[in-house]
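Residue-level listing of the chains:
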Amino acid sequence: AMDWQVLTRELSLYLESQVRVGFFGSGVGLSLVLGFGVAYACYYLNSIAKKPQLVASNDRFCRFLEEYCPVVTETYYPTIWCWEGRVQTLLRPFITSRPQVQYRNELIKTADGGQISLDWFDNNDSLYYPDASTRPTVLLLPGLTGTSKESYILHMIHQSETLGYRCVVFNNRGIAGEELLTPRTYCAANTEDLEAVIHHVHSLHPSAPFMAAGVSMGGMLLLNYLGKTGRDTPLMAAAIFSAGWNVFESVESLEKPLNWLLFNYYLTTCLQSSISRHRQMLEKLFDMDLVMKARTVREFDKQFTSVMFGYRSIDDYYEDASPCRKLKSVGIPVLCLNSVDDVFSPAHAIPVETAKQNANVALVLTSCGGHIGFLEGIWPRKCTYMDRVFKQFVQAVFEHGNKIL
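Residues numbered from 1 in each chain as written. Predicted model: local features only at pLDDT ≥ 70, side-chain atom pairs only at ≥ 80, totals over all residues. Heavy atoms only, no water.

Engineer: Which parts of the structure should I look at to understand the nonpolar core?
Structural biologist: Note that soluble globular proteins tend to have their nonpolar side chains buried in a common cluster. Counting 68 residues, the largest nonpolar core has Leu139, Leu222 and Leu363 as the members making the most contacts within it. Broken down by element, the residue count for this core peaks at seven residues, all from helix α7 (residues 217–229). Inspection of this core shows a minimum of three residues originating in each of domain 1 (71–246 + 322–403) and domain 2 (249–321). For Leu222, the contacting residues outside a window of four places in its chain are Leu141, Leu194, Ala212, Ala213, Gly214, Leu235, Ala238, Ala239 and Ile240. Judged by nonpolar contacts, the second largest core, of 51 residues, contains Cys62, Phe64, Phe374 and Val394. (Core = buried A, V, L, I, M, F, W, Y, C linked by side-chain atoms within 4.5 Å. Buried < 20%, exposed > 50% of the residue type's maximum accessible area, 1.4 Å probe, protein only. Helix = DSSP H or I, 4+ residues; strand = E, 2+ residues; numbered from the N terminus. Domains from an automatic or database assignment. Contact = heavy atoms within 4.5 Å.)

Engineer: Please clarify how the sheet that holds strand β6 (residues 210–215) should be interpreted in this entry.
Structural biologist: Within a beta sheet, neighbouring strands are joined by backbone hydrogen bonds and run either parallel or antiparallel to one another. Within the open sheet, the nine strands sit side by side as β1-β9-β8-β7-β6-β4-β5-β3-β2. Their pairing is mixed. Only two strands of the sheet have a single neighbouring strand rather than two, namely β1 (53–55) and β2 (104–109). Mean inter-strand twist for the sheet, computed between neighbouring axes without regard to direction, equals 20°. The pairing of β6 with strand β7 (residues 238–241) spans four bridges and is classified as parallel. Paired with Ala212 across the strands is Ala238, a residue of β7. (Pairing = 2+ DSSP bridges. Axes fitted to C-alpha atoms, helices over the stretch in contact; angles between N-to-C directions.)

Engineer: I'm lost on the UniProt feature "active site" (unreviewed entry) in the protein in this one. Help?
Structural biologist: Sequence positions flagged by UniProt for "active site" (unreviewed entry) are, in local numbering, Ser216, Asp342 and His371. Over a stretch of 156 residues, the named residues converge on one spot in the fold, their C-alpha atoms separated by at most 10.9 Å. Inspection of the secondary structure assignment puts Ser216 in the loop between β6 and α7. Setting aside chain neighbours within four positions, we find Ser216 in contact with Gly143, Phe241, Ser242, Ala243, His371 and Ile372. Within the element layout of this structure, His371 appears in the loop between β9 (361–366) and α15 (385–400). If near-sequence neighbours (up to four positions away) are discounted, His371 is found in contact with Gly85, Thr89, Ser216, Ser242, Asp342 and Phe344. (UniProt positions renumbered as here; feature names shortened; annotations may be inferred.)

Engineer: I'm lost on the environment of Glu283 in this one. Help?
Structural biologist: With respect to the helices and strands, Glu283 occurs in the loop between α10 (279–282) and α11 (288–291). In this structure, the C-alpha to C-alpha distance between Glu283 and Gly227, residues 56 residues apart in sequence, is 33 Å.

Engineer: What exactly am I supposed to notice about unusual backbone geometry here?
Structural biologist: Peptide bonds are trans in most cases, and residues, glycine excluded, mostly fall at negative phi. A positive phi angle, close to 55°, is found at Asn123, a residue other than glycine. Assignment of secondary structure puts Asn123 in the loop between β3 (115–121) and β4 (137–141). Even without being a glycine, Ile372 presents a positive backbone phi close to 50°. Tracing the sequence through the fold places Ile372 in the loop between β9 and α15.

Engineer: Where do I start with the packing of helix α9 (residues 257–276) against helix α12 (residues 297–308) in this structure?
Structural biologist: For any two helices packed against each other, the geometry is given by the interaxial angle and the distance between the axes. For the pair α9 and α12, interaxial distance at closest approach is 8 Å and the crossing angle is 30°. Residues Asn264, Leu267, Thr268, Leu271, Gln272 and Ile275 of α9 pack against Val297, Phe300 and Phe304 of α12. Class assignment for the residues of the contact of α9 with α12 results in six nonpolar, three polar and no charged. (Nonpolar A, V, L, I, M, F, W, Y, C, P; charged D, E, K, R; others polar.)

Engineer: When you look at α9 in this model, what are you seeing that I'm missing?
Structural biologist: Given 3.6 residues per turn, any residue in an α-helix points the same way as the ones three and four places further on. In this model, α9 (20 residues) spans 27 Å end to end at C-alpha, consistent with the 28 Å of a helix rising 1.5 Å per residue. Those residues of α9 not exposed but buried are Asn259, Phe263, Asn264, Leu267, Thr268, Cys270, Leu271, Gln272, Ser274 and Ile275. Buried residues along α9 sit in contact with α4 (85–95), α8 (247–254), α10, α11 and α12. (Expected span 1.5 Å × (residues − 1).)

Engineer: What am I meant to see in the environment of Asp232 here?
Structural biologist: Considering the arrangement of structural elements, one finds Asp232 in the loop between α7 and β7. Linking Asp232 and Gly331, residues 99 residues apart in sequence, is a C-alpha distance of 8.0 Å.

Engineer: Can you walk me through the confidence of the model for the protein in this structure?
Structural biologist: In regions of low pLDDT, the predicted coordinates are not meant to be interpreted in detail. Model confidence for the protein is summarised by a mean pLDDT of 92, while 94% of its residues fall at 70 or above. Confidence over residues 18–25 falls short of pLDDT 50; this stretch has eight contacts with residues more than four positions distant or in other chains. (pLDDT = per-residue confidence, 0-100.)

Engineer: Explain the pairing of strand β8 (residues 334–339) to me, please; I cannot follow it from the model alone.
Structural biologist: Along β8, six of the six residues are buried, which leaves the element largely enclosed by surrounding structure. Going residue by residue along β8, you find Val334, Cys336 and Asn338 tucked away on one face and Leu335, Leu337 and Ser339 tucked away on the opposite face as well. Inspection of the sheet shows β7 paired to β8 by four bridges, in the parallel sense. Looking across to β8, one finds that Ile240 is bridged to Cys336.

Engineer: Even after reading the chapter, I still don't get helix α2 (residues 28–48), so can you show me in this structure?
Structural biologist: Between its terminal C-alpha atoms α2 stretches 29 Å, which fits the 30 Å expected from 21 residues at 1.5 Å a residue. Inspection of α2 places Gly29, Leu30, Leu34, Ala41, Tyr44, Leu45 and Ile48 among the buried residues, and these make up the whole buried set. Each buried residue of α2 lies within a common arc of 135° when the element is viewed along its axis, so the set occupies one face. Exposed side chains of α2 directed beyond 90 degrees from the buried face belong to Leu32, Phe36 and Asn46. (Arc of directions from axis to C-beta.)

Engineer: Got a minute to help me understand the UniProt feature "domain: AB hydrolase-1" (unreviewed entry) in the protein in this structure?
Structural biologist: Mapped onto this numbering, the UniProt entry gives "domain: AB hydrolase-1" (unreviewed entry) at residues 136–377. Structurally, residues 136–377 is divided into 41% helix and 14% strand, and its ends, taken at the C-alpha atoms, are 30 Å apart.

See below:
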């Protein structure tokens, strides 16, 4: 904070020395600009730039994070010109860079006759872990209609590459260019495909330390899997980013007029376009004309997702898909980052009290950041706050995990 005050004072003195006469020949305009600048800087430092709230009942886990993942205890300075949640959410995909990543694709068969597309980043040039059999592996789960090409996934791989780790991206069925072999896609509640992928990756590298990171719906799916399996998983730990904790609250928030206009309608069209390529296969079970008429995520889930996975009603599906119900059963260390201004996961729906009852869970709640935003710096092209949390936590688990595991 002192640095900002010094900077503001120096800027004021510099401008005063450069501009002897103001906009109106009297210095009034300059005074107004300077006054506004100082007021904005004060507001930003007092109300916007804050330390995140760390919610964790386990003192050992807290100390572990403070020592090896200190970013979660430091002040988060959102980008000064776009800190509001919706703005951060909208701008991140356009502003952030897209690191180059060469993938190796693998298609694996599922028990029901379907196939899943995995994109591997093997990191065979790893200096720290030249032996592929023991090279730490991070499984990455993208969001609702996301694939291995999302900028946030590319940044996680870039961070893992510098640490010497291997990554594998789990693309949900039918959205990464592969064909649907059965009339089935994916949802946040059904963990069968994720279980198959975790088993497959672990069987290929049984001696490699193994953890997972999920973003948005990928985080919800991962939490639902962990709540179901408890300690019975080959994963050492998991990182969750911008998960929707209570689906009822998420869809209600996204149906508010402005949020529908900015996010809901676009998300619905993304869901529709992701299945339209497979129309011939899906028409065997669904009235696709009705599905394509959906104008909200809720309507899409009612006509398509909940029907596909055999739920009696959309409420039954949303109940089953909400990770807040499973959090008490998580049996491995999990770090969950959310922003309290995320319209996809409203602050009042974040299960703070439940998290306090499970020693394996730590919530990191920032006051700004939006949904998968977390932009920081004057021109936030490169690393976001979320990327730094990911990098530090993954490294902490792989290199100092014996302190909490």
